[in-house]
Amino acid sequence: YHYVLKDFTSAEQHYQTALHEAQQKRKNSSENAQFEPGTPEAILNSANPGTMSEAEIVAYTNYAVLRQHMGDRVGAEVMFQKALEGGSRYFHASNLYADFLIWCGREAAALTHVIHMVEIFPERAQTIYHKLARLEERRGNIGSEESRAGILRSYLIAASGDVNLDTSQLTEERIFTIITNCQDAHLVNDALVFLQTVLKMTQLSLRCYAAAQQKFSHFTPFTLNYARVATDLGDIELAAQLYASAFEENPLDLQVVEQYSVFISTHWPDQITTAESLMLSVIAAYPTSANVHLSYAIFLTMHLPSPTVAATQHFLEAIKLQPQDGHIWGQYGCFLERQALMVRNSDSYATLMHESEKAHLQSVQLSDGNTAEPLVNLASLLWRQKKHSNAWEYLRKAYELEPNSHKTVSTCALFVHDRYILQWNASNDAGHGDEILKTEGMKQLAELGDKLYKKALKMDSSNLHMVQQYVKFANEVLRSPEIARAWQKHADQLILEQSP
């Protein structure tokens, strides 16, 4: 009850009490246990007098989830480890720990944990295959046809409940039947997002949404994603109906209000005050929610021409409410950086960049260096400030942590590209011309850049910015008009597809 009301302090007190009571109950039970000598129960009790009870495991798990939502990653990790030490065969604890690792951005650790879960909980294969599919997506393993087929197979196994499902000859009709027969709203929703955004099977996903709408009409994420598909296909009227329906069902749901507000302000700019009033209604309902203040701050930066004062106020309020949340600090750092770039030639530029750097450093420290995104954000800021050595170190660490993250790989590619051009320009300025291009170091830099660009584009060939950057790389570094022309043709096609 307190958790739902965002009253984390009271919730924590109750969880501590529940944990203490469970520990005391186990202690009393162990001390008072009377077993006939030689029986299995007596042997087990003598060997493990302190074996954790199920109530304790549940208490540790609940406490861990609370610490997670309070932004305390270290505290949550400690509590989850306690729960898992008590009994690795408790699916609930293992499942929530996998979610925690994903939330932390530790996808590699999460994948290892989930694969281990398949062995421990074969009877829960449906849930686990769903999680496997989501993890592979998050890790950016969508570049090759083989990896995309593997993710689709995991979704279909999860949806059908058949671990021996033959997916060698899939038709759109069979995919439609498997997905629309599934009763798990979360699973169907995630599978359809994959069909639409990764496999680009938008028409099929639209058919599935329409067929399953009545069944899942009260599941908000399903309605919101259906609205996004309708928007992508240009059916603004249907999208508006779906957003309005979701809002009517959940007028104070942050996700609903966020997306509905963005939809209104994007398609009807003259109604931006209406969109903003929806956000303000959620703040009025949950004035002590850091996530609500963060969401409103981001909305202001996206849709108002001069959001500085109001946005800063709500970023700082979010930080005040959850000072240990590295994500909030990272978002604040990005906001300050954008503000600095807008006043590049003024006296406040240096101050804003300095404050941005401090915020990004705080984000990195709060993530304990286990998440790539804060490291990438800090590296990008430092690179912009020409602190190249420091930036390169942070980015190298990010790549070691998440070598399959699209954001990490693409940033590495851009850094290598920029580094190559900087060294070439320095050589020209020193009067050495293009001699430096013949050195082994520059050749290795060109090869590394090419590998990183290709890896990023293999993960997502529809990213127009990266395609355009690779065209520049092909011209400037590889000096290959043929490669540049081929990718420019792809860029032109993307521009055509992505135009309204």
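Residues numbered from 1 in each chain as written. Predicted model: local features only at pLDDT ≥ 70, side-chain atom pairs only at ≥ 80, totals over all residues. Heavy atoms only, no water.

A. Looking closely at the overall build of the chain. Of regular secondary structure, the chain possesses 25 helices and zero strands. Taking contacts inside the chain between residues at least 6 apart in sequence as the whole, the part at least 24 apart equals 55%. When the accessible area of the chain is evaluated, it comes to approximately 25600 Å², of which 52% is carbon and sulfur surface. (Helix = DSSP H or I, 4+ residues; strand = E, 2+ residues; numbered from the N terminus. Contact = heavy atoms within 4.5 Å. Areas by Shrake-Rupley, 256 points an atom, 1.4 Å probe, with all protein chains shown as cover.)

B. Spotlight on the nonpolar core. By size, the foremost hydrophobic cluster in this structure holds 100 residues, and its most contacted members are Ile175, Ile179, Leu192, Leu195 and Phe222. No other element matches helix 5 (residues 91–103), which puts eight residues into this core. Among all residues touching Leu192, those that are not within four sequence positions of it are Ile179, Ser205, Cys208, Tyr209 and Phe222. In terms of nonpolar packing, the next biggest core, distinct from the first, is built from 36 residues, Ala413, Val416, Met442 and Leu464 among them. (Core = buried A, V, L, I, M, F, W, Y, C linked by side-chain atoms within 4.5 Å. Buried < 20%, exposed > 50% of the residue type's maximum accessible area, 1.4 Å probe, protein only.)

C. Focus on the packing of aromatic side chains. In the structure shown here, the tally under the stated rule is 22 aromatic pairs. A centroid spacing of 5.7 Å and a plane angle of 40 degrees characterise the contact between Phe315 and Tyr332, whose relative ring orientation is tilted. Note that Phe315 is positioned in helix 17 (residues 308–321) and Tyr332 in helix 18 (residues 326–342), a separation of 17 residues in sequence. Take Phe315 and Tyr332: they sit in the same class, and that class is buried. These aromatic residues form a ring-pair network of at least three members: Tyr243, Phe247, Tyr260, Phe263 and Trp268. (Phe/Tyr/Trp six-rings, centres within 6.5 Å; stacked < 30°, edge-to-face > 60°.)

D. Seen up close, the pattern of salt bridges. In the structure shown here, the tally under the stated rule is 15 salt bridges. Glu77 is the partner of Arg106 in a salt bridge, and the nearest nitrogen-oxygen pair spans 3.1 Å. One end of the pair, Arg106, is in the loop between helix 5 and helix 6 (107–120); the other, Glu77, is in helix 4 (residues 73–86), with 29 residues separating them in the sequence. Since its relative accessible area comes to 18%, Glu77 is described here as buried. (Salt bridge = Lys/Arg side-chain N within 4 Å of Asp/Glu carboxyl O.)

E. Inspection of the packing of helix 18 against helix 19 (residues 348–366) at higher detail. Across the interface, helix 18 lies against helix 19 with an axial gap of 8 Å and an inter-helix angle of 160 degrees. Relative to helix 19, the element helix 18 lies roughly antiparallel. Crossing angle aside, the handedness with which helix 18 passes helix 19 is left-handed. Contact with helix 18, carried on its side by Gly326, Trp329, Gly330, Tyr332, Gly333, Cys334, Leu336, Glu337, Gln339, Ala340 and Leu341, involves Tyr349, Leu352, Met353, Glu355, Ser356, Ala359, His360, Gln362, Ser363 and Leu366 of helix 19 and no other residues of that element. Tallied by class, the residues present in the contact of helix 18 with helix 19 amount to 11 nonpolar, eight polar and two charged. (Axes fitted to C-alpha atoms, helices over the stretch in contact; angles between N-to-C directions. Parallel < 35°, antiparallel > 145°, perpendicular 65-115°, else oblique. Left-handed = near helix turned anticlockwise from the far one by under 90°. Nonpolar A, V, L, I, M, F, W, Y, C, P; charged D, E, K, R; others polar.)

F. Representation of helix 6. Compared with an ideal rise of 1.5 Å per residue, which puts 14 residues at 20 Å, helix 6 spans 20 Å between its outermost C-alpha atoms and is within 8% of the ideal. All of the buried residues in helix 6 are Glu107, Ala110, Leu111, His113, Val114, Met117 and Ile120. Looking at the buried residues of helix 6, the elements they touch are helix 4, helix 5 and helix 7 (125–138). (Expected span 1.5 Å × (residues − 1).)

G. Local environment of the confidence of the model for the chain. Residues with a pLDDT of 70 or more make up 87% of the chain, whose mean pLDDT is 86. Mean pLDDT across the elements of the chain bottoms out in helix 2 (residues 40–47) (40) and peaks in helix 24 (residues 464–478) (96). Predicted confidence for residues 1–6 stays below pLDDT 50, and this span has 11 contacts to residues more than four positions away or in other chains. (pLDDT = per-residue confidence, 0-100.)

H. Region of the structure containing the packing of helix 7 against helix 8 (residues 145–160). Where helix 7 contacts helix 8, the two axes come as close as 8 Å, and the packing angle between them is 155 degrees. What the angle tells us is that helix 7 and helix 8 run roughly antiparallel. The way helix 7 lies across helix 8 gives a crossing that is left-handed. Contacts between helix 7 and helix 8 pair Gln126, Tyr129, His130, Ala133, Arg134, Glu136 and Glu137 from the former with Ile151, Ser154, Tyr155, Ile157, Ala158 and Ala159 from the latter. When the residues that make up the contact of helix 7 with helix 8 are grouped by side-chain class, the tally is seven nonpolar, three polar and three charged.

I. Main features of the environment of Asp253. Tracing the sequence through the fold places Asp253 in the loop between helix 13 (236–249) and helix 14 (254–267). Judged by its relative accessible area of 28%, Asp253 falls in the partly exposed class. Among the polar contacts made by the side chain of Asp253, one reaches the main-chain amide nitrogen of Gln255 at a distance of 2.9 Å. A polar side-chain atom of Asp253 sits 3.1 Å from the main-chain amide nitrogen of Val256. (Polar contact = N/O pair within 3.5 Å; in protein donor to acceptor, adjacent residues only side chain to side chain.)

J. Summary view of the side chain of His130. Following the sequence through the fold, His130 ends up in helix 7. Those residues within four positions of His130 in sequence are excluded, and the remaining contacts are Tyr155, Ala158, His186, Leu187 and Asp190.

K. Spotlight on helix 8. With 16 residues, helix 8 ought to run about 22 Å at 1.5 Å a step, and its terminal C-alpha atoms sit 22 Å apart, in line with that. Taken together, the buried positions of helix 8 are Ile151, Leu152, Ser154, Tyr155, Leu156, Ile157, Ala158 and Ala159. Following helix 8 by one or two positions, Gly161 has its phi on the positive side, about 75 degrees.

L. Structural detail: the environment of Leu395. Inspection of the secondary structure puts Leu395 in helix 21 (residues 388–401). Between the C-alpha atom of Leu395 and that of Pro374, which follows or precedes it by 21 residues, the distance is 9.9 Å. Leu395 has contacts with Val376, Ala379, Thr411, Cys412 and Phe415, leaving out every residue within four places of it along the chain.

M. Inspection of the side chain of His360 at higher detail. Tracing the backbone through its elements, the reader meets His360 in helix 19. Setting aside anything within four residues of it in sequence, one finds His360 in contact with Gly330, Gly333, Cys334, Glu337, Asn377, Leu378 and Leu381.

N. Region of the structure containing unusual backbone geometry. Even without a glycine there, the phi angle at Lys200 is positive, about 60 degrees. Mapped onto the secondary structure, Lys200 falls in the loop between helix 10 (185–197) and helix 11 (202–212). The exposure class of Lys200 is exposed, given its relative accessible area of 53%. In this structure, Lys386 takes a positive phi of about 65 degrees despite not being glycine. In this structure, Lys386 sits in the loop between helix 20 (372–384) and helix 21. On the basis of relative accessible area, Lys386 is assigned to the exposed category, the value being 66%.

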